[in-house]
4 protein chains.
Amino acid sequence: MTQLTTDARGVFVIAVTPFHPDGRIDMESCDRMVDFYLDAGATGLTVLGMMGEAPKLTVEESRDVVARILKRVANRVPVVVGVSAPGFAQIDALTRMVMDLGAAGVMVAPPGSLRTDDQIVNYYTQVAELIGDVPFVLQDFPLATGVQMSSGVIARIVNDLPSCVCLKHEDWPGLEKISFLRRDGVLNKRISILCGNGGLFLPEEMDRGADGAMTGFAYPEMMVTVVDHYARGEAERGRDLFDAYLPLARFEQQPGMGLAIRKYTLAQRGIIAHDALRKPGAALSEASRREVDQLITRQEQRLKELN
Amino acid sequence: MTQLTTDARGVFVIAVTPFHPDGRIDMESCDRMVDFYLDAGATGLTVLGMMGEAPKLTVEESRDVVARILKRVANRVPVVVGVSAPGFAQIDALTRMVMDLGAAGVMVAPPGSLRTDDQIVNYYTQVAELIGDVPFVLQDFPLATGVQMSSGVIARIVNDLPSCVCLKHEDWPGLEKISFLRRDGVLNKRISILCGNGGLFLPEEMDRGADGAMTGFAYPEMMVTVVDHYARGEAERGRDLFDAYLPLARFEQQPGMGLAIRKYTLAQRGIIAHDALRKPGAALSEASRREVDQLITRQEQRLKELN
Amino acid sequence: MTQLTTDARGVFVIAVTPFHPDGRIDMESCDRMVDFYLDAGATGLTVLGMMGEAPKLTVEESRDVVARILKRVANRVPVVVGVSAPGFAQIDALTRMVMDLGAAGVMVAPPGSLRTDDQIVNYYTQVAELIGDVPFVLQDFPLATGVQMSSGVIARIVNDLPSCVCLKHEDWPGLEKISFLRRDGVLNKRISILCGNGGLFLPEEMDRGADGAMTGFAYPEMMVTVVDHYARGEAERGRDLFDAYLPLARFEQQPGMGLAIRKYTLAQRGIIAHDALRKPGAALSEASRREVDQLITRQEQRLKELN
Amino acid sequence: MTQLTTDARGVFVIAVTPFHPDGRIDMESCDRMVDFYLDAGATGLTVLGMMGEAPKLTVEESRDVVARILKRVANRVPVVVGVSAPGFAQIDALTRMVMDLGAAGVMVAPPGSLRTDDQIVNYYTQVAELIGDVPFVLQDFPLATGVQMSSGVIARIVNDLPSCVCLKHEDWPGLEKISFLRRDGVLNKRISILCGNGGLFLPEEMDRGADGAMTGFAYPEMMVTVVDHYARGEAERGRDLFDAYLPLARFEQQPGMGLAIRKYTLAQRGIIAHDALRKPGAALSEASRREVDQLITRQEQRLKELN
């Protein structure tokens, strides 16, 4: 069974959770989505993240989705599962469940009540004790969690806790954090740094030393392309292609509407059957749909020009 | 089976969840606690509220606790269960589960992301559609939720949704809200208004037209006494007794430490076996324990003087 | 003297406040900046906004900056001045001062404590009473203020208060708000809608019915170009040019670093003499400077391709 | 001229700012208030704090109020002035102004944007550099500022900055913070710890090692009495008297209404002429006024019983 390691790199796509219009989980679309992400070049998947509508699932549904996706992935790439929850009993139960099913590791965001450096470090220390040797991803996403971790706090967590193998870097954009963590002597072990924010700052993040992306965008090809070109030393070409996707990526990063746009786009591409979000969730207006359609058309034209 | 109605009055004690020092739920203490609350004069119980450490329980544990408490209560008083959750699937599943077990109704707090009047009203409209004819308590607790509901918004929810039968009033203290909601013509039906904040403003709340309290304090006798004296027209005597409990009640209302103090006090009184909180949770220092002991001693002296 | 009216359109550039490295205001750069903005096609200026470091100026300095800029503008375009302050006495004093100096109107953001619809409407009603017939811009910028105004609340304010002549639209991006406010029958008067967010959603905003932009970006040419092309019915060409500026615009919109990037870019362009921010303020790392330089180079190349 | 030192103890009353009903500052009431506070046993005064409606004053008004109060105090006790402001230029200007007028020191609250330990320490380091050798009070009031300082952060600030002579302790109640800071070896110098929260936890705070209170309550006699009895080793008697004031103190500590209650009470006592708050500010309902009256009556009865 694949375990998440400090060498994780490439693109871990944050998977959406596909629903039928009546709110049931759409398992067929789950399969199709997995195939699509892997065909697009994903080196890993992350499920039950914030953009996976995890908090809207019952525990049973979470188990079913994770099981279905793991079965379809069939060990081709590592799968990380989000297990953030208000209490340790829930984190513990979720972690055991998904690791038993075959997950490669778990991802933990800080609860919104944490403020001081010590509170944050203590929280992750307790989490690490709780889940034992399960490798975990530290999620640093202040815009969503309200918790601000300094670079020094991240270093303390990474250095103290052997099971912290990866940083999902999603401070906005916090480029200096990457530079700091990559500086000699800051960390006592290498960790994987995978970046978020829908890939909106991926070229700069790669320049600073990131290993890739762990985020969602209806065109994961963009992230794969950028990471690949940087790996091959073709940064300028990577940026040209990045720029072609940027108008849509920017549109998808609208807080409050982003997931609806992403699902609509995935549905337009035929990857999931419906663009339904579970309640409570924003619906996309007809005008917004047309705006997305137009951005897709323009994106395709620009990509053609670049080929 | 008792159903919660718009006539609910008296004291619905917010039950703690007793744990063993190793974190397991202490079911024997649950029984003893139920007996104690009912002997003290509680006219109802509320379980799995914020102070019941609900978010720290797994779904199975929540079911077990609710089942145990309902069995012990044995229909002597109505039991309300907190079902607040980030998604509707979870609220739905929890509601079905606890109503099947024999709960009298559910309590729903607003998710912290709600801001505008319409967002709040829409949320409760969707919740009411979801749970059908299950009576629910609207929890208005801005200090904890971050959501501020104007009196007008509460009136809209109560007037639009027949299954909203009770307001857990916990704005700080929001005495004007009670006065407004009790004004002729504001509501199209009577509702029960039960107040929170550990009873810290209960005399004034009764004066404004509240029906009682729905809150926790290690001496629920205080709330019962105040409500009873107001019911008998002996407000001054009610206030004398209230004042005797106030130094400890004030101490217990310290944010971040309140539940630890409450559990310590309940354990000192022999009602629960241990004062353990589940992680993550604050521990009480030795100094604080002595402070509580001293407050209890002084409280007993003052109550003696008053008898 | 120019008064701000409901017909304001085009691009009101949010002016930065130039400083010397030692923190003194750089008045020569103020002049050069005004000339540059007007040459670039600005139809108005907005000074002492959040990005103008207004809270870091003393009252005397605010007066001096506004006086200098108004003198240089010499009535060629209307100048709006931000007067947001915690208390009405300050708002009143600032408003009188800047209107006496020749400002065209003032801009008012809601204090962060406002939550309910009525609180927001009441606040603006009191502000309008306070400042009399001075035309004002309603600033809707939840990401910065923490205050969420529904479309309905904005409509109430606009309809109730004749002196509310313009909406600085900066909800993120809140395209539906523009559509709603432009719908027949919603408003009892036309208002100007000028959009913010560094122009990051300007094409879509123009499509929805905006009159232009009121925001900052080190290349105000971008906003002017987009607005002009939309006015001429050449939306596609406008979008092509927009896309060329987007990589840098995106980079400049990083919270916490945006103003430092903007000032660095303006200094690189020779418009202001120094990129200094007043304390407390973020400094730009050497790496970030190089990132900006690279983005400027790529932007120039792409603009050349498009000509 | 009196300078604030690390030996400050007793009760520094947070002064309200008295207004006429039309909003003008009521200077005669300022004088009467100063006399009253000093007669009541205040060992210091603090003006232009949050409860002094400082943000609602223009700079000129701030100067006039401070000058009037300092003149009336006439060096009998040290006067601390709140100088918190969004920018350093304002803090600098205010500090110079009030120190020139004869203030004993200044008080600085952290801006709400600070989150990490380093951000907080850096902020105060910069403030201390800015204001030179002016002694300052560190205000730790998370409920109002949103900034949480750990005990360790406070210790770093105190140890690094010689001009930090006093902590206004207003974490809620943060008794453990006092114990920590009084532990041998934590601080490299003694500091004064004066507590806030309207005196609601003053007995416990004195037990933990506080030097007194720096807070407001319409009966400053309460704080003076508690501090004096603790100083004389008569803690039990101090608590008896504290308990007599507690019902009103609790009522005055209602967020959003506290200042209106305090001013109403001061006006009822004849100390200030009017209970007016400046806009925007909450008005006290007729019902609330009667509630305060009743609490005063009961308080007087109880105090009589205790004498």
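In the annotation of an unreviewed UniProt entry, chain A is listed under the name 4-hydroxy-tetrahydrodipicolinate synthase and assigned to Sulfitobacter noctilucicola. Listed in UniProt under the heading Sequence similarities (unreviewed entry), the comment for chain A reads: "Belongs to the DapA family."

Chemist: Even after reading the chapter, I still don't get the sheet that holds strand β1 (residues 10-14) of chain A, so can you show me in this structure?
Modeler: Whether parallel or antiparallel, the strands of a sheet pair through hydrogen bonds between backbone atoms. All names here are of chain A. Strand order in the closed barrel made by the eight strands is β1-β2-β3-β4-β5-β6-β7-β8, with parallel pairing throughout. Neighbouring strand axes in the sheet, compared pairwise and without regard to direction, differ in orientation by 25° on average. For β1 and strand β2 (residues 44-47), the ladder comprises three bridges, and the chain directions are parallel. Of the residues in β2, the one forming a bridge with Val13 is Leu45. Packed on one face of the sheet, helix α4 (residues 117-131) meets β4 (105-108) and β5 (136-140) and runs near 155° to β5. Docked against the sheet, helix α9 (residues 220-231) engages β1 and β8 (212-215), running at close to 165° with respect to β1.

Chemist: Explain the state of the cysteines here, please?
Modeler: By definition, a disulfide links the sulfur atoms of two cysteines through a covalent bond. Inspection of the entire model under this criterion finds zero disulfides over all chains. Here A:Cys164 stays free of any disulfide, with the sulfur of A:Cys166 as its closest cysteine sulfur at 8.0 Å.

Chemist: When you look at the sheet that holds strand β4 (residues 105-108) of chain C in this model, what are you seeing that I'm missing?
Modeler: Residues and elements named next belong to chain C. Read once around its circumference, the closed barrel built from eight strands follows the order β1-β2-β3-β4-β5-β6-β7-β8, with strand pairing classed as parallel. Between one strand axis and the next, the sheet turns by 25° as a mean value, whatever way the strands run. In this sheet, strand β6 (residues 164-169) lies alongside strand β5 (residues 136-140) in parallel orientation, the contact comprising five bridges. Across the sheet, Leu138 pairs through a bridge with Leu167, a residue of β6. Against the sheet, helix α2 (residues 59-73) contacts β2 (44-47) and β3 (79-82), and its axis sits at roughly 175° relative to β2.

Chemist: Whenever I open this one, the packing of helix α3 (residues 88-101) of chain C against helix α4 (residues 117-131) of chain C confuses me. Can you help?
Modeler: When two helices pack together, their arrangement is captured by the angle between the axes and the distance separating the axes. Residues and elements named next belong to chain C. Relative orientation of the contacting elements α3 and α4 amounts to 45°, with a least axis distance of 10 Å. It follows from the interaxial angle that α3 and α4 lie oblique. In this structure, α3 crosses over α4, and the sense of that crossing is right-handed. Where α3 approaches α4, its residues Phe88, Ile91, Asp92 and Thr95 are matched on the opposing element by Tyr123, Gln126, Val127, Leu130 and Ile131. Grouping the constituent residues of the contact of α3 with α4 by class yields six nonpolar, two polar and one charged.

Chemist: When you look at the interface of chain D and chain C in this model, what are you seeing that I'm missing?
Modeler: Where interface size is quoted, it is often the accessible area lost as the parts come together. With 18 residues of chain D in contact, the opposing surface of chain C contributes 18 residues. Both sides together, the interface formed by chain D and chain C hides about 1400 Å², and carbon and sulfur atoms give 65% of it. Counting across the chain D and chain C interface gives zero salt bridges. Seen at the junction of chain D and chain C, the total is six residue pairs in polar contact (both at pLDDT 80 or more). At the level of secondary structure, the elements contributing two or more residues to the side of chain D that touches chain C comprise α2 (59-73), α3 (88-101) and α4 (117-131) of chain D. For the side of chain D that touches chain C, the element with the most residues is α3(D), which contributes four residues. Along the lines of polarity and charge, the residues of the side of chain D that touches chain C split into nine nonpolar, four polar and five charged.

What counts, and where the lines are drawn
Residues numbered from 1 in each chain as written. Chains lettered and ligands numbered in written order. Predicted model: local features only at pLDDT ≥ 70, side-chain atom pairs only at ≥ 80, totals over all residues. Heavy atoms only, no water. UniProt positions renumbered as here; feature names shortened; annotations may be inferred. Pairing = 2+ DSSP bridges. Helix = DSSP H or I, 4+ residues; strand = E, 2+ residues; numbered from the N terminus. Axes fitted to C-alpha atoms, helices over the stretch in contact; angles between N-to-C directions. Contact = heavy atoms within 4.5 Å. Disulfide = S-S within 2.5 Å. Parallel < 35°, antiparallel > 145°, perpendicular 65-115°, else oblique. Left-handed = near helix turned anticlockwise from the far one by under 90°. Nonpolar A, V, L, I, M, F, W, Y, C, P; charged D, E, K, R; others polar. Buried area = accessible area lost by both parts, 1.4 Å probe. Salt bridge = Lys/Arg side-chain N within 4 Å of Asp/Glu carboxyl O. Polar contact = N/O pair within 3.5 Å; in protein donor to acceptor, adjacent residues only side chain to side chain.

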